[in-house]
Amino acid sequence: MDWVRKITRSCLLRVDDLYRKRHRLQPVGEVLYVGRSRYSGPAMEFANGTRLAPGDLVGTLHFNNARFPRIEADTSRRAALHFVRLMLKSMHILADRARQDPMFADLAVYQAVSWLPPHGQRIGFITEPFPDGARKRLIAAYFRLLVWAYAPAEETRASARPDPTIYLLTRMELLRRFGDASDDVDEKNGESLARVRAAI
């Protein structure tokens, strides 16, 4: 079975490479790629006053799937904690680029489609259910394939039931939680990791 997973993973890596080139995604830390696209959902206003309208430019967040097989963990819990540490580091890099990089500085909101609620809420994201329909079923099937091919822990592969969910994070919240202007970055990371650990 391992050789089948390796072949599948190799094919998926090629698909990922083509997707990243087509959408001009930029690496941000070890586990994230970020791009730009036009928002196509309903108009929204966030609690901090940020507004999002159809057609606005948003940052799009994508996981670096190739990084997951290199996570050394023998249980789903350890794999999840390792991933969270890498994710927090990537988020700090993203906050820094949101202040300085022209590609990110004009983006008021970042958006992703993932299947890991409620953990994202513990680091500042808000979530919206992905609309029911054929596209949701297709994405869910793709997520199941990704988990089977990439997850380092067998327990994760066996128990995963991906439910596509829309994640949204405002630039203001990104900078508030992950900006390095304050001296308590390590403390914030520890608090975020503790919140996720408690939920796993």
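Note: the structure precedes this text.
The structure displayed is predicted, hence computed values, not measured ones. (Residues numbered from 1 in each chain as written. Predicted model: local features only at pLDDT ≥ 70, side-chain atom pairs only at ≥ 80, totals over all residues. Heavy atoms only, no water.)

A. Layout of the pattern of salt bridges. A complete count under the given rule lists ten salt bridges for this structure. We note a salt bridge from Arg67 to Glu30, for which the minimum N-O separation is 2.7 Å. Separated by 37 residues along the polypeptide, Arg67 in the loop between strand E5 (57-63) and helix H2 (76-100) and Glu30 in the loop between strand E1 (26-28) and strand E2 (32-38) bring together distant segments of the chain. Two residues, Lys136 and Asp163, come together in a salt bridge whose shortest N-O distance is 3.4 Å. (Salt bridge = Lys/Arg side-chain N within 4 Å of Asp/Glu carboxyl O. Helix = DSSP H or I, 4+ residues; strand = E, 2+ residues; numbered from the N terminus.)

B. Structural detail: the sheet that holds E2. Pairing is mixed in the open sheet, where six strands are placed in the order E1-E2-E5-E6-E8-E7. Of all the strands in the sheet, the pair left with one neighbour each is E1 and strand E7 (126-129). Adjacent strand axes in the sheet meet at a mean angle of 35° when their direction is disregarded. (Pairing = 2+ DSSP bridges. Axes fitted to C-alpha atoms, helices over the stretch in contact; angles between N-to-C directions.)

C. Up close: the pairing of strand E6 (residues 109-114). The element E6 is extensively covered by neighbouring structure, given that five of its six residues are classed as buried. Across two bridges, the pairing between E5 and E6 is parallel. Following the sheet pairing, Thr60 is matched in E6 by Gln111. Of the strand pairs in this sheet, E6 and strand E8 (residues 165-170) are connected by six bridges, and their pairing is antiparallel. In the strand pairing of E8, Val113 is matched with Ile166. (Buried < 20%, exposed > 50% of the residue type's maximum accessible area, 1.4 Å probe, protein only.)

D. View of the environment of Ala95. Following the sequence through the fold, Ala95 ends up in helix H2. Expressed as a C-alpha distance, the spacing of Ala95 and Gly179, which sit 84 residues apart in the sequence, is 5.4 Å. Setting aside residues no more than four positions away along its own chain, Ala95 makes contact with Leu174, Leu175, Phe178 and Gly179. (Contact = heavy atoms within 4.5 Å.)

E. Representation of the packing of aromatic side chains in the model. One pass over the full model with this rule turns up two aromatic pairs. Aromatic side chains Phe63 and Phe83 sit 5.3 Å apart centroid to centroid with 85° between the ring planes, which places their arrangement in the edge-to-face category. With Phe63 in strand E5 and Phe83 in helix H2, the pair connects residues that are 20 residues apart, well separated along the chain. Judged by its relative accessible area of 27%, Phe63 is partly exposed. (Phe/Tyr/Trp six-rings, centres within 6.5 Å; stacked < 30°, edge-to-face > 60°.)

F. Up close: the layout of surface pockets. By volume, the second largest pocket is sized at about 150 Å³. Looking at the second largest pocket, the residues that line it are Glu45, Phe46, Ala47, Asn48, Gly124, Ile126, Leu168, Leu169, Thr170 and Glu173. Per-element tally for the lining of the second largest pocket: the top contributor is E8, with three residues. Partitioned by chemical class, the residues of the lining of the second largest pocket number five nonpolar, three polar and two charged. (1 Å grid on protein atoms, 1.4 Å probe; cavity = no way out; pocket = protein on both sides within 12 Å on 5 of 7 lines; lining within 4 Å. Points joined across faces, edges and corners; volume = space filled by probe spheres on them. Nonpolar A, V, L, I, M, F, W, Y, C, P; charged D, E, K, R; others polar.)

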